[in-house]
Amino acid sequence: MDISKPLLIAYSGSLDAKQPNSNKGILMFFKSIFWTYKHNVVDPSTRTAYYLIKSIGILKRDYNIKPSEIQIELWGNINSLNKQHILEEDVEEYFSIDSYLPKDESIKRLNLADMLFLPLEKSNVKGQGTLFIPGKLFEYLNTLKPILALCEPSDCRNIIENSGLGVCIDPDNPELIAKCLFPIIKNKNLLLGLKPNKEFIETFTFKNKTQELITVLKKASVN
């Protein structure tokens, strides 16, 4: 790990943005008319770059962290509102945003990163974590790279923690995110303490999951 370079955090794929609160009421009104099914079980605002962007602003202002010390790379279908949030926090020099890349090139860029960014939804039901487990998690696990997961206790968080690769932080607490990132920014070698549980990670490969499905189907056909 090259400690002379900035801490590089990467994200690939689709990434939504936190919508302005002023539009929430209007949005929900139209959804109530045009959508047959609606729910308020999860808060999608945390499955964005918003709280990471806010934390970078805190690191800049309160911790005197420079762009030469941390860089965030986002590529894919990145909601343009994230750029607005970056401008509002005055942290443009810390971020780069690109469009989709070919799969092979995207994987190469992920493997060049020090950490991979994974924001998840937050549950609106007290005491109940979200059930959603994104396919991106398994792509990340295959890289054996540390994962910066903004998530609350859930099945997904259990997988991340059991993989040995997770730095899991409350999804909507930018002050805590900044506090957790600061020592890593100052000493990237701290990430070497995250030892991948390769045997556990291997259970999530496509080959093993396919074999599990075949076993289940065989048992079902016998019964």
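Anyway, here's the lowdown on the structure attached to this text.

**Remarks on the packing of aromatic side chains**
Part 1 of the argument: Considering all chains together, one arrives at five aromatic pairs under this definition.
Part 2 of the argument: Look at Tyr50 and Tyr51: their rings are 4.9 Å apart centre to centre, the planes differ by 90°, and that puts the pair in the edge-to-face class. Like Tyr51, Tyr50 is buried.
Part 3 of the argument: What links up through ring pairs into an aromatic cluster is the set Phe138, Phe200 and Phe204.
Part 4 of the argument: The ring of Tyr11 is capped by Lys136, whose NZ or CZ atom sits 4.9 Å from the centre of that ring.

**Considering the environment of Glu152**
Part 1 of the argument: Mapped onto the elements of the fold, Glu152 is located in the loop between strand S7 (147–150) and helix H6 (155–162).
Part 2 of the argument: On the basis of relative accessible area, Glu152 is assigned to the buried category, the value being 14%.
Part 3 of the argument: Note: C-alpha distance between Glu152 and Asp170 (18 residues apart in sequence) is 5.6 Å.

**Thoughts on the sheet that holds strand S8 (residues 166–169)**
Part 1 of the argument: One open sheet holds the six strands; their spatial order is S4-S3-S1-S5-S7-S8, and the pairing between them is parallel. Of all strands in the sheet, those with a lone pairing partner are strand S4 (95–98) and S8, marking the two edges. Neighbouring strand axes in the sheet, compared pairwise and without regard to direction, differ in orientation by 20° on average.
Part 2 of the argument: The pairing of strand S3 (residues 70–75) with S4 spans four bridges and is parallel. Bridge pairing in S4 links Leu74 to Ile97.
Part 3 of the argument: The sheet contacts of helix H2 (residues 50–62) involve S3, S4, strand S5 (115–119) and S7, and relative to S3 the element is tilted by about 160°.

**A short note on the nonpolar core**
Part 1 of the argument: The biggest cluster of nonpolar side chains holds 54 residues, and the ones touching the most others in it are Ile9, Ile70, Phe95, Met115, Leu148 and Leu181.
Part 2 of the argument: Dropping the residues within four chain positions of it, Phe95 is found in contact with Ile53, Ile56, Gln71, Ile72, Leu74 and Ile86.

**Things to note about the packing of helix H4 (residues 103–112) against helix H5 (residues 135–143)**
Part 1 of the argument: Where H4 contacts H5, the axes come no closer than 10 Å and their chain directions differ by 60°. As judged from the angle between their axes, H4 and H5 are oblique. When the axes of H4 and H5 are compared, the crossing they make is right-handed. Contact with H4, carried on its side by Lys103, Ile107, Leu110 and Asn111, involves Glu139, Tyr140 and Thr143 of H5 and no other residues of that element.
Part 2 of the argument: The residue makeup of the contact of H4 with H5, split by class, is three nonpolar, two polar and two charged.

What counts and what doesn't
- Residues numbered from 1 in each chain as written.
- Predicted model: local features only at pLDDT ≥ 70, side-chain atom pairs only at ≥ 80, totals over all residues.
- Heavy atoms only, no water.
- Phe/Tyr/Trp six-rings, centres within 6.5 Å; stacked < 30°, edge-to-face > 60°.
- Buried < 20%, exposed > 50% of the residue type's maximum accessible area, 1.4 Å probe, protein only.
- Lys NZ or Arg CZ within 6 Å of the ring centre and 35° of its normal.
- Helix = DSSP H or I, 4+ residues; strand = E, 2+ residues; numbered from the N terminus.
- Pairing = 2+ DSSP bridges.
- Axes fitted to C-alpha atoms, helices over the stretch in contact; angles between N-to-C directions.
- Contact = heavy atoms within 4.5 Å.
- Core = buried A, V, L, I, M, F, W, Y, C linked by side-chain atoms within 4.5 Å.
- Parallel < 35°, antiparallel > 145°, perpendicular 65-115°, else oblique.
- Left-handed = near helix turned anticlockwise from the far one by under 90°.
- Nonpolar A, V, L, I, M, F, W, Y, C, P; charged D, E, K, R; others polar.

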